[in-house]
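Examination of the molecular architecture
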Amino acid sequence: MDKRMVAAVLAFTIVTVFFFFSIFLIHPFGEPGQVRMDDRIIENTQNESASNNGVTSVVFDYRGFDTLGEATILFSAVAGVIMIFRRVKE
Amino acid sequence: MIQYIPFIAVVCMIFIGLYAAMFRRNLIKIVIGITIIESGVNLFLITLGYREGGVAPIYTSLPSGTVYPEQMVLPVPQALTLTSIVIGVAVLALMLSLVMHIYKKYETLDVQEMRRLKE
Amino acid sequence: MTEMTRIVKTIANILFPFTMIFGLYIITHGHLTPGGGFQGGAVIASGCALLLVTYGSRWVLTRIKEKRLAAFESMGAIGFITIALLGIVFSMVFFGNFLAGSNLLFGNVPATGSTLADLNTGGVLPLMNFAVGVKVIAGLFVIILIMSYASSIKEWGQ
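A brief structural summary. The structure displayed is predicted, hence computed values, not measured ones.

A short note on the overall build of chain B
Within chain B one finds four helices and zero strands. What you see in chain B, going N to C, is helices and strands ordered as α-α-α-α. The principal-axis extents of the C-alpha atoms in chain B amount to approximately 70 × 35 × 15 Å. The burial tally for chain B puts 39% of its 119 residues in the buried class. The contacts in chain B between residues at least 6 apart in sequence include a share of 47% that link residues at least 24 apart. Separation between the mean location of the 9 positive side-chain charges and that of the 7 negative ones in chain B comes to 10 Å.

Encoded structure:
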């Protein structure tokens, strides 16, 4: 067992213990803590964005910048795959 | 204790993925481990936004007697999970392309073997 | 990837149109029922992956070029950003929902509470669903197509 393996096992154990004890500090399942923003979105999604689906109105209307960044990531992934395999073409 | 079981499941998924990504030597298994970590993160986001006895935040033919917004789950974590899933697919495609390229170059998938071949 | 047997081809020929229709339904009803551009695009791209597994990547590449698919993906992205920029012109906000409340296309506002599905609501959300759907279909299909073609040929030419 060399030095790198010992370091890896130590890091894995520390992360494990940290995660396992930190889950008891979160709110219990089914009772979210801060809900003011989500309640406002649920109440106003039919008036403001004229859509019945709350999730779609969040994705494209309230949080459109997230979707813009996500579209950028998809575009760059496609560009990366095409660039990796560009010499494969016969 | 019983109300923390979904979070324990999240932590177990992240452990399994982290173990596979750290202690396996096959590149395909490392990629699978990273994907399992990502599934754990998605499950964590969904779990944070759940409300007791809630329905999806969609008004089309809502079940009668539903009180909103008290009986609807939170929409923002679901939207972020949707973003995260598509990003995961893109990153998975990019990782598998790199693994294919590495296999063509070194003709092995073992990372230790690959380090020896490089020197 | 080579061709598969006649049984697989027959089943794929039967199932392919239903997959397309289901994915288009999910994209079109994205503002009314669970679903949207991403999910419907993923459904249609998996239908195209069925075609790819059945007939092989060379057969698919004689039908459609990957340059054309990349152009489709760019068209989806340009449409998405164009609709977002039109929000600045008409409602002063980037990603503003300028069609909601007007009496134009998709301009109705649904009544509050549980309603029936009205396809003519949503403002710019159905248009954005279409743009993102085209983008996701083309993006995922070109990724699968190029990876399948690259794994099928022997020599890569380093």
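Regarding the interface of chain B and chain C
On the side of chain C, 20 residues touch chain B, which itself brings 15 residues to the contact. With both sides pooled, the region where chain B packs onto chain C buries about 1,400 Å², and carbon together with sulfur makes up 71% of that total. The largest contributions to the chain B side of the interface with chain C come from Thr60(B), Met100(B) and Lys104(B), which together make up 35% of the buried area. Where chain B meets chain C, there are zero salt bridges. In terms of residue class, the side of chain B that touches chain C is made up of ten nonpolar, four polar and one charged.

Some points on the pattern of salt bridges
As enumerated under the stated definition, the model contains five salt bridges over all chains in all. Linking Asp39(A) and Arg51(B) is a salt bridge whose minimum nitrogen-to-oxygen distance equals 3.1 Å. Taken together, the residues Asp39(A) in helix 2 (residues 36-48) and Arg51(B) in the loop between helix 2 (27-48) and helix 3 (75-106) connect one chain to another. Side by side, Asp39(A) and Arg51(B) carry an identical accessibility label, which is buried. In this structure, the salt-bridge partner of Arg116(B) is Glu113(B), at a minimum N-O distance of 3.6 Å. Pair noted here: Arg116(B) and Glu113(B) are both in helix 4 (residues 111-118), with a separation of three residues, about one helical turn.

Here's the deal with unusual backbone geometry
The backbone phi angle of Ala50(A) is positive, close to 60 degrees, even though this residue is not glycine. Among the residues examined, Ala50(A) registers a relative accessible area of 0% and is labelled buried. One non-glycine residue with positive phi stands out, namely Phe106(C), at about 55 degrees. Note that Phe106(C) resides in the loop between helix 4 (66-91) and helix 5 (125-152).

The rules we used
- Residues numbered from 1 in each chain as written.
- Chains lettered and ligands numbered in written order.
- Predicted model: local features only at pLDDT ≥ 70, side-chain atom pairs only at ≥ 80, totals over all residues.
- Heavy atoms only, no water.
- Helix = DSSP H or I, 4+ residues; strand = E, 2+ residues; numbered from the N terminus.
- Buried < 20%, exposed > 50% of the residue type's maximum accessible area, 1.4 Å probe, protein only.
- Contact = heavy atoms within 4.5 Å.
- Lys, Arg positive; Asp, Glu negative; His and termini not counted.
- Charge placed at Lys NZ, Arg CZ, Asp CG, Glu CD.
- Buried area = accessible area lost by both parts, 1.4 Å probe.
- Salt bridge = Lys/Arg side-chain N within 4 Å of Asp/Glu carboxyl O.
- Nonpolar A, V, L, I, M, F, W, Y, C, P; charged D, E, K, R; others polar.

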